[in-house]
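What follows is the residue order along each chain.
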Amino acid sequence: MSGANITLPGFNIISDVRGSLSGVKMSLAGNQWFVIDELMTFLKSRGFTVYVETIPPGLVLRRALGEPLIIGDLVIDVRPDIVSLPSNMLSELNVRDKFEYAENDLAIVYVGEPVNDWCDLRNRRVAIPNPITEGIGALFRELYSEYCGDYSELVGRGFVYLTRIHHREIPELLRNGLIDAGVVWRTEAIYWGFKYTVPSRNRVSRLSFALMPWAGNEAVKVFELLRSDYVKQLYEKYGFRWVANP
């Protein structure tokens, strides 16, 4: 079946799908997965039932365009009422309302000797997010191509692992000694507690919340709550830079 498939043998702890499908449905870019428990608790305290999936942005886009989410034999074919995407991807969607809310930059998590620059990854066993589905993967490809040379030569090496859902794979690979380093968002490096570096030559990505045209009244109310000071403080707690206007 065609769809946004997040089946991942060996990494299938389903922490990316939470809540109740009877509520407001949200499909969010995966780099905020560790914020979601507290966000859902907040929305519940305000009387809302929600369903939240945190998946790579390329898959969020496909969900917003009508594709189902697939996990093994489970097919989730409800459309999201609210999505979160890198701001530059929203041009591909017809939305009812939107606003930018947070930004983040890239980091290198590692074990052993520090990895201080993107080009140093040529000499290590490394996991790299997929540039086709992951916004961070596309940003890293830009960085590496600009400063270090041929990206295809890097990923063509025998000990480069190209992830499908990096936040489910990289921490496990690093803890189990299967890689020496991985490319992640700075906020994830902080959350996991790994040693990390943030090279001075970097990229910043902004996220936007968008309300889809078919969203009902409950979704509209949740969308407005996402602008609130509590949500601002929650994202800042986890290292995001809040950019939404009051």
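(A) Local environment of the overall build of the protein. Each helix and strand in the protein was counted, giving 8 helices and 14 strands. For 246 residues, the compact-globule estimate of 2.2 N^0.38 gives 18 Å, and the C-alpha radius of gyration of the protein, at 18 Å, lies within 12% of that figure. In terms of principal-axis extent, the alpha carbons of the protein reach across some 55 × 40 × 30 Å. The buried share among the 246 residues of the protein stands at 57%. Counting only contacts in the protein whose residues sit at least 6 apart along the sequence, the fraction spanning at least 24 positions is 79%. Carbon and sulfur atoms provide 48% of the accessible area of the protein, an area that totals close to 10700 Å². Averaging the locations of the 27 positively and 29 negatively charged side chains of the protein gives two centres separated by 2 Å.

(B) The arrangement of the pattern of salt bridges in detail. Across all of its chains, the model carries 17 salt bridges by this definition. Taking the shortest distance from any N to any O, the salt bridge between Lys232 and Glu236 comes out at 3.1 Å. Taken as a pair, Lys232 and Glu236 lie in helix α8 (residues 229–237) at a separation of 4 residues, close to a single helical turn. Among the residues examined, Lys232 registers a relative accessible area of 27% and is labelled partly exposed. Looking at Glu236, the relative accessible area reads 36%, which means it is partly exposed. Each of Glu100, Glu103, Arg206 and Arg241 takes part in one network of salt bridges that share partners.

(C) View of empty space enclosed by the protein. Summed over the entire model, instances satisfying the criterion amount to 1 cavity of 30 Å³ or more. Roughly 130 Å³ of volume is contained in the largest cavity. As for the largest cavity, its lining consists of 19 residues, of which Ala29, Asn31, Pro57, Trp185 and Leu207 are closest to the centre. Only β8 (97–110), α3 (135–147), α5 (166–175) and β13 (204–211) provide two or more residues apiece to the lining of the largest cavity. Per-element accounting of the lining of the largest cavity gives the leading share, 3 residues, to β8. Per-class residue counts for the lining of the largest cavity are 10 nonpolar, 7 polar and 2 charged.

(D) Quick look at the nonpolar core. Grouped together as the largest cluster of nonpolar side chains are 46 residues, with contacts concentrated most on Met26, Leu43, Ile82, Tyr101, Phe209 and Tyr235. Once residues within four sequence positions are removed from consideration, Tyr235 is found in contact with Gln32, Val35, Leu39, Tyr101, Phe209, Phe240 and Trp242. If you look at the next biggest cluster of nonpolar residues, it comprises 21 residues, including Ile128, Leu139, Tyr144 and Tyr151.

(E) The environment of Val83, seen in detail. Structurally, Val83 can be placed in strand β7 (residues 82–86). A relative accessible area of 0% places Val83 in the buried class. C-alpha separation for the pair Val83 and Asp120, spaced 37 residues apart in sequence, amounts to 35 Å.

Definitions and limits used
Residues numbered from 1 in each chain as written. Predicted model: local features only at pLDDT ≥ 70, side-chain atom pairs only at ≥ 80, totals over all residues. Heavy atoms only, no water. Helix = DSSP H or I, 4+ residues; strand = E, 2+ residues; numbered from the N terminus. Rg over C-alpha atoms; globule rule 2.2 N^0.38 Å. Buried < 20%, exposed > 50% of the residue type's maximum accessible area, 1.4 Å probe, protein only. Contact = heavy atoms within 4.5 Å. Areas by Shrake-Rupley, 256 points an atom, 1.4 Å probe, with all protein chains shown as cover. Lys, Arg positive; Asp, Glu negative; His and termini not counted. Charge placed at Lys NZ, Arg CZ, Asp CG, Glu CD. Salt bridge = Lys/Arg side-chain N within 4 Å of Asp/Glu carboxyl O. 1 Å grid on protein atoms, 1.4 Å probe; cavity = no way out; pocket = protein on both sides within 12 Å on 5 of 7 lines; lining within 4 Å. Points joined across faces, edges and corners; volume = space filled by probe spheres on them. Nonpolar A, V, L, I, M, F, W, Y, C, P; charged D, E, K, R; others polar. Core = buried A, V, L, I, M, F, W, Y, C linked by side-chain atoms within 4.5 Å.

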